[in-house]
Amino acid sequence: MRKYGNIFANVDWATILIYLALVFIGWINIYAAVYSEDHHSIFDISQRYGKQLMWIGFALVLALIILMLEGQFFTSFAYPIYGVVMFSLVAVLLIGAKVNGATSWFQIGSFKIQPSEFAKFAAVLALSKYLSTLSINMKDIKTKMMAMVIIGLPAVLILLQNDTGSTLVYAAFVFVLYREGLSGNILLFGILAIIVFVLTLIFGPINIVITAVFGYIIVYGLLKFNLKVTLAALAMFGLAVFVYFNYQLSQHVIYYIIGACLFLLVGWLIIKKELKGKRTHYVGVAIFVMACLYIISIDFTFNKVLKEHQRTRITVLLGEEDKLIEQIEQLKVERDMPDISAEKKQELRDDIGEKRYSLRQLRQGNGWNIKQSLIAIGSGGFSGKGFLEGTQTKFDFVPEQSTDFIFCTIGEEWGFLGTFILMVLYTALFLRIIFLAERQRSIFSRVYGYSVASILFFHFVINIGMTIGLAPVIGIPLPFISYGGSSLWSFTILLFIFIKLDSERLNVLR
Amino acid sequence: MNNLSNRKFIVGLIFLVIGVIFSIRLFTIQVVNDDYKNDSDQNVLREIVQYPARGLVYDREGELLVYNEAAYDLMVIPKQVDTLDTLAFCKLLEIEKVEFVTKFNKAKAYSTYKPSTLVKEISSISYASIQEQLYKYPGFYVQTRTLRRYPRNSAAHILGYIGEVNQSTIEKKPYYKSGDYIGKSGLEYSYEELLRGQRGVKRVLVDVHNREKGSYKDGTNDTMAVRGTTINTTLDIVLQEYGERLMANKKGSIVAIEPQTGEILALVSAPNYNPNMLVGRAVRKNYPILSTDSLNPLFNRALMAQYPPGSIFKTVQALIGLEDGVISENSGFPCIKSLVNCHNHPSAQNVAQSVKMSCNPYYYSVFKRILQQRRAKSIFKDSEIGLGIWNKQVLKFGFGQRLPTDLPAIKRGTVPGIDFYNRWYGEGRWAFSTIYSLSIGQGEVEVIPLQMANLSAIIANKGYYYVPHLIKNVENSDTIPSIFMKKNSVGIKKKHFDPIVEGMFGVVYEPGGTARRARINDSIVVCGKTGTAQNPHGADHSVFIAFAPKDNPKIAIAVYVENAGFGGAWAAPIASLMMEQYLIDSIGTNNLAKEKRVLEANLMNVEFKE
Ligand SMILES: [Zn+2]
């Protein structure tokens, strides 16, 4: 039944080819990113590209070993592997070395290894194992809880290492759980929450609340075809908004008014006995009230809970820099008005000073990095500046140009042509893995496949999204491309276990 | 289970949509938007300005007067500064930490990404040690500039000084950029465009730490700096320095001109200052000291001090009278002290004697004849017409107008005309009797020392002058400005100068002459005219104009010593020593006592009348 002689039997060559292509692209771009006249041999082991070549060699060996193993090995040892990796995550917290503020490295001599990279495939194995257990149903609350624990444990341990980026990766499992039966509303809810969060920060809570209330009343009214109720509610709400804008009431007052309106609305509806025996309405109203509270809380969370560097990450994305510049200019005009009291002038000066400070903070930190990253990629143009001709990355304008910001080098030297090919390669890889996962006979392999696709996808979205200004600055590597042994090996193991599982799919009994 | 299987499409769609969104975004920033390409160039392209060496300045004998010395400014780009060991860095720079922090904050306030000067003019020795360590301090670099140096420590008023351009100049003259140096006064100002040279620009690629990484496009677009043009001046620096020594502890000025060419040989204004005081970093300390000094050393008296000319002006009156035909060279007028005060002397029998004896009533009469020629019935109208004609004649001598010399900030002096007195007294309300003090160079007439020297040159030339100037020739050019090549006639026949020259000879050599102290030796004949300008504020000013030798004069000179009393006392010996120095290159033993007397004299605070 089995073809022992050939470890490449039934492997999916399309996936392997994309993998090899990405690894090769990574290597030559690491060479370009750190290239200097002094060290120009691409095999120079003292340089990053030389080292990366070594890592690639190891990774290929690892891939071969995985292909030589039985797929059964991983299903059998899923929990032990998970246990060992979780243990090492705890251990690294106690005896690990600190690099860039994160206690996530084991250091043995000059050799460093990051167990959090390997926690990914461990968590994937354990989750696959758990979800493939017979008699499991995603609808059960117990199943959800258990799945959350398997995913949450490494996430929490990594968070304790102060490595926020790697922690966030575990959010990627939402795709897997969704595929396995988690309510789609949760996925939708997550996406909506992100959209509302961003909109609130851009337009301010008041406007979003007002818009949401109007929208809700209209939709609700129209759905119920009750024009009278709708109009009455709109009139009341309109009055409240009118009062707010006319008397410049403080934000707190408007919250009370909105709250009062909502209570009035609900109370009125009850009194009118319009809702007799229709429980869903209460749920709808309750959800709406919570939504409003969420919007209001964003402002609070953003200003009070988030730390300074986290705030800048977000504000950079929201074009806060331009906003600040505009505000400063506005204040300057006011300050230079001739008929202004000395007191007021001083006040304005202080305001300008504060805004300037924020602007500087913004520019020096992630704002500057994002801008340089965009300049590097944008200056590549359609066909790029050519191999080794990039200036922005080579002259250190872009930070971390061989690790987290490696995409900038690709964008600068290979232009849109290069970046587009990369988009195609990655998207093709993700879709191919989903395709392969769907053809699996075992739930274990399918869950595993989805997990691989989701994790790779999450890294891809955050890493590239960050460099092109569509995602906050979170330092996680670009799979197969960024410099670094740990991440390359971890992704390779992750992917090749799936390739192995896939190659054995026909052997698995249904 | 089937409906869950459909979820693969949802997940696949999300993956695909993100891929498409990213591709669109990449297309937008890479292909559609051009801003990033410019930003990229701005990031890595640094224009390095190559400052040209400023032109050198020499005197007429080829002595170096101004040269350049390398200076190093420490620049900072605050944004690129890493965490800094301030204490060690201050030690390296040899400055106080407080000073460093203040300056650094100032630079930061100006701009975080544009360079500012942190420490100006580091010495070459400090520069060497700083340069060695500088790689440890990203964001700092050294810019080479040049400073002007004046090896002779003299002629400050002539050479002028340079300084950083101010904002209004930058707006008016687009060549200049902030931080450039520009001539602020003297020759540095007048010949700025020759001396400054041409800035060059080198484009280099730099990394984020502003370290040079190579030239841009192999330097094909770079321009080289062109060094400033060397200029040779007409100045005789030995004579200039001698003049400055003679004028030490005195207020006033000396102007010496070569009559045949208008070349200025010396132009002394006392008190003066060492030109090296206004160089580079020292300016900030020294300028306030000089500008608030009550003796006003920055004030160039030779061009800016307007004095009544006193008796030397009688030569002009005589020449106009002769040219007008209202007197002849043999006209005599009695010394009637009731007309205007005079000293005791026999009445002048001719023009030469009147010059020698400097008789005031004589010139009262001459001026009266010049003004009142019965051109109108009304005595007022007659004077008015006469003054109008006289005024035009005097202007031709270069008085009452800005001599277009090659030094800035020159005054015009005053030659009162009809309008002047109409404004003063009202039309038809003045006549000769109102304004007769003009006849002896007092009253409303005012001249600057340069104009006095020019008068001396006119008499030496017997009727013409070249605009006094300091430019002798310019490197790589055969010409000097045409205005200095033009012979200006004063409109008086040559023969009318003979009695004046005779009179000026008499002043020095004949009994009754007022300036025996102006004699040099037996072989060089000096002609001169003393003057004593009344000073309502204190002791009279001592004036002397002269030229020598009498035949074919080589030097014409004017000396004006404030509060020094009678012209023959101080101005005449100073002029004599200057001429001797110039003509013989040394002072004869017979004149050493005279020299000693002058050198030792302190006339700063004298309040006597001779
Ligand atoms: Zn007399």
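All of these numbers come straight from a predicted model, not from anything done at the bench.

**Thoughts on helix 21 (residues 497-509) of chain B**
Residues and elements named next belong to chain B.
Part 1: Counted at 1.5 Å a residue, the expected span for helix 21 with its 13 residues is 18 Å, and the 18 Å between its end C-alpha atoms agrees.
Part 2: Of the residues making up helix 21, those classed as buried are F497, P499, I500, V501, G503, M504, G506, V507 and V508.
Part 3: Its buried side turned inward, helix 21 meets helix 14 (314-324), helix 15 (351-357), helix 20 (449-461), strand 16 (527-533) and strand 17 (541-548).

**A closer look at the sheet that holds strand 8 (residues 200-206) of chain B**
All names here are of chain B.
Part 1: Spatial ordering of the open sheet is given by 1-8-9, a layout of 3 strands whose pairing is antiparallel. Of all strands in the sheet, those with a lone pairing partner are strand 1 (45-50) and strand 9 (212-215), marking the two edges. For this sheet, the mean angle separating the axes of adjacent strands, direction not counted, is 45°.
Part 2: Here strand 1 pairs with strand 8 via 6 bridges, running antiparallel. Note on strand 8: the bridge partner recorded for R46 is V204.
Part 3: On top of the sheet, helix 3 (residues 35-44) reaches strand 1 and strand 8; it is set at about 45° to strand 1, its chief contact.

**Side note on the packing of aromatic side chains**
Residues and elements named next belong to chain B.
Part 1: Tallied over the entire structure, the rule returns 53 aromatic pairs over all chains.
Part 2: Measuring from ring centre to ring centre gives 6.5 Å for F397 and F399, while their planes differ by 15°; the resulting arrangement is stacked.
Part 3: When its relative accessible area of 0% is taken as the criterion, F397 is described as buried.
Part 4: With a relative accessible area of 1%, F399 lands in the buried category.
Part 5: Geometrically, the ring pair formed by F420 and Y421 is edge-to-face, given 5.2 Å between the ring centres and 80° between the ring planes.
Part 6: A network of ring pairs unites the aromatic residues F313, Y364, F367, W390, F397, F399, F432 and Y436 as a single cluster.
Part 7: Over the ring of Y175 we find R199; its NZ or CZ atom is 4.4 Å from the centre of that ring.

**Description of the nonpolar core**
Part 1: Formed by 119 residues in total, the largest nonpolar core has its most connected members in Y448, F460 and F480 of chain A.
Part 2: Setting aside residues no more than four positions away along its own chain, F460 of chain A makes contact with M423, Y426, F430, G465, L478 and P479 of chain A together with I18 and F22 of chain B.
Part 3: Listed in part, the 101 residues of the second largest apolar core include I257, Y273, V474 and C527 of chain B.

**Focus on empty space enclosed by the protein**
Part 1: Following the criterion strictly, the structure yields 4 cavities of 30 Å³ or more and no others.
Part 2: What lines the largest cavity is a set of 13 residues, and nearest its centre among them are Y51, P52, R54, Y181 and R196 of chain B.

**Observations regarding the interface of chain A and chain B**
Part 1: Taken together, the 48 residues of chain A in the interface contact 36 residues of chain B.
Part 2: In total, chain A and chain B occlude about 3,600 Å² of area from one another, counting both sides; carbon and sulfur atoms represent 74% of this.
Part 3: It is Y178, F395 and F416 of chain A in chain A that bury the most area against chain B; as a group they hold 16% of the surface buried on that side.
Part 4: There are 0 salt bridges connecting chain A and chain B.
Part 5: Taken together, chain A and chain B are joined by 8 residue pairs in polar contact (both at pLDDT 80 or more).
Part 6: Taken together, the elements giving at least two residues each to the side of chain A that touches chain B come down to helix 7 (173-179), helix 8 (184-203), helix 16 (366-378), helix 17 (406-438) and helix 18 (443-467) of chain A.
Part 7: For the side of chain A that touches chain B, the leading source of residues is helix 17 of chain A, giving 12 residues.

What counts, and at which threshold
- Residues numbered from 1 in each chain as written.
- Chains lettered and ligands numbered in written order.
- Predicted model: local features only at pLDDT ≥ 70, side-chain atom pairs only at ≥ 80, totals over all residues.
- Heavy atoms only, no water.
- Helix = DSSP H or I, 4+ residues; strand = E, 2+ residues; numbered from the N terminus.
- Expected span 1.5 Å × (residues − 1).
- Buried < 20%, exposed > 50% of the residue type's maximum accessible area, 1.4 Å probe, protein only.
- Contact = heavy atoms within 4.5 Å.
- Pairing = 2+ DSSP bridges.
- Axes fitted to C-alpha atoms, helices over the stretch in contact; angles between N-to-C directions.
- Phe/Tyr/Trp six-rings, centres within 6.5 Å; stacked < 30°, edge-to-face > 60°.
- Lys NZ or Arg CZ within 6 Å of the ring centre and 35° of its normal.
- Core = buried A, V, L, I, M, F, W, Y, C linked by side-chain atoms within 4.5 Å.
- 1 Å grid on protein atoms, 1.4 Å probe; cavity = no way out; pocket = protein on both sides within 12 Å on 5 of 7 lines; lining within 4 Å.
- Points joined across faces, edges and corners; volume = space filled by probe spheres on them.
- Buried area = accessible area lost by both parts, 1.4 Å probe.
- Salt bridge = Lys/Arg side-chain N within 4 Å of Asp/Glu carboxyl O.
- Polar contact = N/O pair within 3.5 Å; in protein donor to acceptor, adjacent residues only side chain to side chain.

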